[in-house]
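# Close look at the chain arrangement
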Amino acid sequence: STPVVVVTGLARAAHEGVLIKGGRYLELLAKAKIATFDKTGTLTQGRFQVVHSEAVPGGEVNSMLQLAGCLERTSAHPVAAAIVGHAASLGLALDLDVSESEEVPGQGVIAHVAEHVVAVGNVRLMTDCCAEDVAVPPSVAEWSTKGATVCCVAVDGQLAGFVAVADTVRDEAAAAVAALRKQGVVCGMLTGDGQGAAAAIASAVGLDAKLVHSQLLPEDKLDLVEKYKREYGALIHVGDGVNDAPALAAADIGIAMGVAGSAMAIEAADVALFTNDLQCLAPIIGLARSAHRKIL
Ligand code: ADP
Ligand code: MG
């Protein structure tokens, strides 16, 4: 039977909006030595704004944004909403025919838009799908060093331009990371975004630079979770539960953020946060440790 302290611990956590799916996870939480975070939507708010866009020399920025906007209407990624909103705010018609839309996880989206094949996504998507070496111009690269995500747009296999989108770091992220580190839990990042954006956000929230990994596919996140589990013992991964499902499942403790209303995220995770507040992480580890001490 489950010791009373464990039941009390689970109930107290539930009261704070934290669902822990059993005493076993309380024990693993107590032992955790490392926490890895997804970036977009987890350390950041996941609400992007377009901060810069430009076409390749000789190209036309509005026609690039129109094609990108039409394509992104088919994507649920937070980057997509920013590009659609920006194109709409410029008065561009977003009603071109879109067909055969395909989302490439961790990379972007490709579809037929009117008579063109259009791709919007990271540099990796361009090299994979457009057989083109992408040289990001300095004007765009500068945004990435400030933490912006760089999206490339290709039309009919040719690079057409760039859109830089910026997200906001969650207010409580730095304090939440500092509290974990104080408990002896090292903190890293596993993101599909580019190196510049990853490094900027990591330094803003105080992550351990050697534990920051960028340009990852969902299966790369999983491999790194396995690697750190071997190196550190119990590992926590915190993600938004949609793109992060393999990493959440592989972690000793998968924590899904802001899951109110998402049954799928609750199912994938061992711990579900019904709030978006990262600052409840250190207290639940504290609670798990004290419940565990009382048992031993
Ligand atoms: P994270 O690991 O930070 O949550 P994702 O795995 O969701 O990021 O996505 C990784 C990267 O793939 C994004 O930073 C973005 O560059 C690109 N990407 C994914 N989906 C889209 C999309 N619909 N439009 C443009 N870019 C996208
Ligand atoms: Mg994410």
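What counts and what doesn't
- Residues numbered from 1 in each chain as written.
- Chains lettered and ligands numbered in written order.
- Predicted model: local features only at pLDDT ≥ 70, side-chain atom pairs only at ≥ 80, totals over all residues.
- Near = placed C-beta within 6 Å.
- Helix = DSSP H or I, 4+ residues; strand = E, 2+ residues; numbered from the N terminus.
- Nonpolar A, V, L, I, M, F, W, Y, C, P; charged D, E, K, R; others polar.
- Domains from an automatic or database assignment.
- Expected span 1.5 Å × (residues − 1).
- Buried ≥ 20, exposed ≤ 12 C-beta atoms within 10 Å, placed from the backbone.
- Arc of directions from axis to C-beta.
- Contact = placed C-beta atoms within 7 Å.
- Pairing = 2+ DSSP bridges.
- Axes fitted to C-alpha atoms, helices over the stretch in contact; angles between N-to-C directions.

## A look at the site of ligand 1
Looking at ligand 1, there are 21 residues lining it, with Thr40, Ser75, His77, Gly192 and Asp193 nearest. Counting only elements with at least two residues in the shell around ligand 1, the list comes to helix H3 (39-43), helix H5 (78-89), strand S5 (108-113), strand S6 (116-121) and strand S7 (149-155). Class assignment of the residues belonging to the shell around ligand 1 gives a composition of 5 nonpolar, 12 polar and 4 charged. Residue-level mapping places the shell around ligand 1 at the junction of two domains, with at least three residues from each of domain 1 (4-44 + 170-295) and domain 2 (49-166).

## Observations regarding helix H1 (residues 4-15)
Side chains three or four residues apart in an α-helix point the same way, a direct result of the helix having 3.6 residues per turn. Given a rise of 1.5 Å per residue, 12 residues ought to cover 16 Å, and the 16 Å separating the end C-alpha atoms of H1 matches this to within 8%. Of all the residues in H1, the buried ones are Val6, Gly9, Leu10 and Ala13. Looking straight down H1, one finds its buried side chains confined to an arc of 95 degrees; they lie on one side. Of the residues in H1, the exposed ones pointing more than 90 degrees away from the buried face are Val4, Ala11 and His15. A positive phi of about 85 degrees marks Gly17, the residue just after H1.

## Focus on the domain arrangement of the protein chain
Where the parts come together, the accessible area they lose is often given as the size of the interface. Along its sequence, the protein chain is carved into domain 1 (4-44 + 170-295) and domain 2 (49-166). With centres defined by C-alpha atoms, the gap from domain 1 to domain 2 works out at 31 Å. With 14 residues of domain 1 in contact, the opposing surface of domain 2 contributes 14 residues. Looking at the side of domain 1 that touches domain 2, the elements with two or more residues in it are H3 and helix H9 (195-205). Counting residues per element, the side of domain 1 that touches domain 2 draws most heavily on H9, which supplies 4 residues. Residue composition of the side of domain 1 that touches domain 2, by class: 6 nonpolar, 7 polar and 1 charged.

## Side note on the sheet that holds strand S9 (residues 186-190)
The strands making up a sheet are joined through hydrogen bonds of the backbone, oriented either antiparallel or parallel. The strand order across the open sheet formed by 7 strands is S1-S13-S12-S11-S2-S9-S10, and the pairing between neighbours is mixed. For this open sheet the edge positions go to strand S1 (18-20) and strand S10 (212-213), each flanked by a neighbour on one side alone. Here strand S12 (residues 253-256) runs beside strand S13 (residues 271-273); their pairing, made up of 2 bridges, is parallel. Bridge pairing in S13 places Ile255 opposite Val271. Its contacts with the sheet place helix H10 (residues 218-232) against strand S2 (34-37), S9, S10 and strand S11 (235-239), and it is angled at close to 150 degrees to S11.

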